[in-house]
Amino acid sequence: MQVNPPFFYEAFGLAIRANGPLPGFREVQPRDVDLEIEWSDRDVEAGDPLKDEILYASAGRTGDGAPFFTVSRPHGAPNGHLRCRHFNDAGRGCFDVEPSGGRVVISAGPGVPKANLMAYLTGPVMGCVLRLRGLTCLHAAVVSIKGRAIALMGPKGSGKSTLAAALAERGYAVLTDDIAAISEDDGCIKVEPAYPRMRLWPESQQFVPGLSMDALPRVLSTMDKRYQPLTGDDSTSQWRFSTSSARLAALYALSVSSENVAQVTATSRARGIMVLTANTYARYLEDQSTCRRDFRVFGMVASRASVCIADGPRGLEGFRQRCARIIEHAESLP
């Protein structure tokens, strides 16, 4: 394989060195490296990968019936090693993640679009890396309001990214729109910035007028989700990316209500821990050790941040109401 000068990036609080470009990650000056990412020209492994110990398989399928993405523990690999695979009608891509979460090797057939590989690398593969490195992660979009991290949680389709986009359009910087990596710094619970992009479905445009979805690039060749680019903290753009970690001040679990008025309701500490646990990212990687660690972190979060239920009616008016209630609540926090 041709030897290239290294490329340096930062994402989720990790310093990354790669032997090739990683479109979508934020380039930085070289520093001590936490994660090595290697583009490999080796052949993708032969055999039937679905015979491995499958931890996760996506619901979407290729024309041959294979899931678009899987996470597995391959037979014969070192204990703790993970293999993430992307299946495409034109071929197969593979991400080998070392047990320490310190190295990822990417290999793929010639027919697999690099954009697809980057979509999975920046999403679930990095989720696996973070979990292996001992970080607690939430499935959440996070924005910065008054310099504090405000997390929006909920299952797929609940509108986390669309709501984060509406806040970005109002001038609030985005830290992440999918994986919230939680770090602890001398007792302060923080969220680390991910990468300067948002992933949005075309339907988001009806709730966020400033979006121009047709002009945006696709996240994956197999779906119509699009990337909204974000610019640096010092930009005057509405679509800003926060390059600094921020103290986690509030978390809002999104919920649809039969009531006509949106509202934000604080939870008890015990219920807050339950809400956080339900929104853990990559729960398929949990074992007794990670469960104990997450429970400890969630206990700290529920004690030091406001965990709330943000519900409201369906539709555009309900969306606007809920957005307004969240801003009002977040800006009133001490």
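Structure's up top.
Note that the structure is predicted; figures quoted are calculated from it, not measured.

**Overview of the overall build of the protein**
Here is step 1: Counting secondary structure elements, the protein contains five helices and 19 strands.
Here is step 2: Taken against the 2.2 N^0.38 rule, which gives 20 Å for 334 residues, the C-alpha radius of gyration of the protein at 20 Å falls within 12% of a compact globule.
Here is step 3: Expressed as lengths along the three principal axes of its C-alpha atoms, the size of the protein is roughly 55 × 45 × 40 Å.
Here is step 4: Expressed as a percentage of its 334 residues, the buried residues of the protein come to 54%.
Here is step 5: A sequence separation of at least 24 residues applies to 62% of the contacts in the protein between residues at least 6 apart.
Here is step 6: Counting only carbon and sulfur atoms, one obtains 49% of the accessible surface of the protein, whose full area is about 14,700 Å².
Here is step 7: When the 38 basic and 36 acidic side-chain charges of the protein are each reduced to a single mean position, those positions are 4 Å apart.

**Considerations on the nonpolar core**
Here is step 1: Within the largest apolar cluster, 44 residues are counted, with the highest numbers of intra-cluster contacts made by Leu 22, Phe 25 and Ile 37.
Here is step 2: It is helix 1 (residues 114–132) that contributes the most residues to this core, 10 residues altogether.
Here is step 3: In this view, Phe 25 contacts Tyr 9, Ala 11, Ile 16, Ile 37, Met 118, Leu 121, Thr 122, Met 126, Tyr 195 and Pro 196; residues no more than four positions away in its chain are not counted.
Here is step 4: The next biggest cluster of nonpolar side chains, apart from the first, holds 34 residues, and it includes Ala 164, Trp 239, Tyr 252 and Phe 319.

**With respect to unusual backbone geometry**
Here is step 1: The backbone phi angle of Lys 146 is positive, close to 55°, even though this residue is not glycine.
Here is step 2: Examined against the element boundaries, Lys 146 turns out to sit in the loop between strand 10 (136–145) and strand 11 (148–153).
Here is step 3: By relative accessible area, Lys 146 is classed as exposed at 55%.

**Topic: the environment of His 81**
Here is step 1: With respect to the helices, strands and loops of the structure, His 81 is situated in the loop between strand 6 (69–73) and strand 7 (82–88).
Here is step 2: You can call His 81 buried: its relative accessible area is 11%.
Here is step 3: When the C-alpha atoms of His 81 and Lys 114 are compared, they prove to be 23 Å apart, with 33 residues separating the residues in sequence.
Here is step 4: Apart from the residues lying within four places of it in its own chain, the contact partners of His 81 are Ser 72, Arg 73, Pro 74, Asp 96, Val 97, Glu 98 and Pro 99.
Here is step 5: There is a polar contact of 2.9 Å between the side chain of His 81 and the side chain of Asp 96.

Procedures and definitions
- Residues numbered from 1 in each chain as written.
- Predicted model: local features only at pLDDT ≥ 70, side-chain atom pairs only at ≥ 80, totals over all residues.
- Heavy atoms only, no water.
- Helix = DSSP H or I, 4+ residues; strand = E, 2+ residues; numbered from the N terminus.
- Rg over C-alpha atoms; globule rule 2.2 N^0.38 Å.
- Buried < 20%, exposed > 50% of the residue type's maximum accessible area, 1.4 Å probe, protein only.
- Contact = heavy atoms within 4.5 Å.
- Areas by Shrake-Rupley, 256 points an atom, 1.4 Å probe, with all protein chains shown as cover.
- Lys, Arg positive; Asp, Glu negative; His and termini not counted.
- Charge placed at Lys NZ, Arg CZ, Asp CG, Glu CD.
- Core = buried A, V, L, I, M, F, W, Y, C linked by side-chain atoms within 4.5 Å.
- Polar contact = N/O pair within 3.5 Å; in protein donor to acceptor, adjacent residues only side chain to side chain.

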